[in-house]
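Inside the fold
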Amino acid sequence: MATLKEIARKYKIYIIIAGLLILLVAIISMGKGKKPEAVQPADSSSDCRAVMVINYHKVDTVFHSLSVRPEDFEKHMQWLKKHGYNSITPDQLYDFVTTGAGLPDNPVLITFDDGYADNYNNAYPIMQKYGFVGTIFVVTSYLDKYPNYMTWEQAKELEANGFSIESHTATHKSMTEASDAQIVEELTKSKETLKEKLGKDSKFVAYPTGTYNLHIAQLAKDAGYKAAFTIKYDAVNRNSNVFALERVPIFHTEDTNKDFLERIQYLPLMNKDGWVKK
Ligand SMILES: [Zn+2]
């Protein structure tokens with residue numbers, strides 16, 4: 001009867017071959033899981049970063065959920081600066097989503113809706129201090145009309161200093177409740193006013209109250225916009241629909257700063273490795 005030692009000697013070569021095969025399979029499958037960075041270093045389409053688009057409304061001391069206090073707003077800007085964030089423009093975001101164009105490290109798009117005077121008076125100086133630019137979606141018929149909204153002169157100054165002034169429609173009508181004719185008028189009128197007042201061809205719109213549907217998105221496209229922003233809470237990545245871009249709304253709460261941190265720090269986890277949008 002063969003001893004264990006004899007069996008081992010007899011099958012030694014097979015055992016070695018089997019071991020080598022297992023090792024080979026393991027190496028191949030490990031290689032498959034890895035991103036082929038060394039092979040395709042310049043392939044920007046593999047950029048699966050999630051880009052944060054923050055959305056504010058008012059920056060003042062009024063006790064209202066849409067109002068973030070200037071000192072809280074400054075803490076947010078400070079935090080972004082400290083963590084190496086770089087503010088980008090809507091054009092940069094659009095190019096990234098549609099063509100995979102490069103973005104700076106830790107990109108962030110800082111947006112404001114409605115066009116309140118406090119954006120100019122309170123948010124703008126703070127953002128300048130930290131070297132950030134922002135995007136303000138204005139209700140075009142409100143400027144130069146209501147005292148709590150910006151003037152066109154202020155909008156012009158912001159544009160001249162790197163900010164982007166874009167459309168939030170002409171009168172802030174909820175689009176899901178408006179007729180097609182009204183929606184088209186809201187979209188085109190605001191575009192025309194921006195052209196007239198700032199000499200710019202605005203290509204971006206933020207849906208009033210964030211509500212939209214595929215039909216409204218198509219009307220925005222037909223009106224000459226190339227992208228539109230919602231208030232769907234998520235980060236933008238290369239799977240985003242450019243007519244339904246996600247944002248992170250920041251409101252005044254019992255603990256605005258804690259909520260700010262939770263909202264923006266949770267996002268990268270949600271979007272890790274190119275979360276596929278539905
Ligand atoms: Zn609004």
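Rules of the game
- Residues numbered from 1 in each chain as written.
- Predicted model: local features only at pLDDT ≥ 70, side-chain atom pairs only at ≥ 80, totals over all residues.
- Axes fitted to C-alpha atoms, helices over the stretch in contact; angles between N-to-C directions.
- Helix = DSSP H or I, 4+ residues; strand = E, 2+ residues; numbered from the N terminus.
- Parallel < 35°, antiparallel > 145°, perpendicular 65-115°, else oblique.
- Left-handed = near helix turned anticlockwise from the far one by under 90°.
- Contact = placed C-beta atoms within 7 Å.
- Nonpolar A, V, L, I, M, F, W, Y, C, P; charged D, E, K, R; others polar.
- Expected span 1.5 Å × (residues − 1).
- Buried ≥ 20, exposed ≤ 12 C-beta atoms within 10 Å, placed from the backbone.
- Arc of directions from axis to C-beta.

Running from N to C, helix α3 (residues 70–82) and helix α5 (residues 117–130) cross one another at 25°; their axes reach a closest spacing of 10 Å. With respect to each other, α3 and α5 are oriented roughly parallel. Relative to α5, α3 is oriented so that their crossing is right-handed. Side by side, α3 and α5 meet where Pro-70, Phe-73, Glu-74, Met-77, Gln-78 and Lys-81 of the first sit next to Asn-122, Ala-123, Ile-126, Met-127 and Tyr-130 of the second. A breakdown of the residues in the contact of α3 with α5 according to their chemical character gives seven nonpolar, two polar and two charged.

Between the first and last C-alpha of α3 there are 18 Å, a value that for 13 residues agrees with the 18 Å anticipated at 1.5 Å per step. Listing the buried residues of α3 in full gives Phe-73, His-76, Met-77 and Leu-80. For α3, the angular spread of buried residues about the axis comes to 95°, placing them on one side. Exposed positions of α3 whose direction lies more than 90 degrees from the buried face are Glu-71 and Lys-82.

Running from amino to carboxyl end, helix α7 (residues 180–198) crosses helix α8 (residues 214–222) at an angle of 45°, the nearest separation of the two axes being 10 Å. In terms of orientation, α7 and α8 fall into the oblique class. Seen along the crossing, α7 lies across α8 with a hand that is right-handed. On α8, the residues that touch Asp-180, Ile-183, Val-184 and Leu-187 of α7 are Ile-216, Leu-219 and Ala-220. Looking at the contact of α7 with α8, its residues break down into six nonpolar, no polar and one charged.

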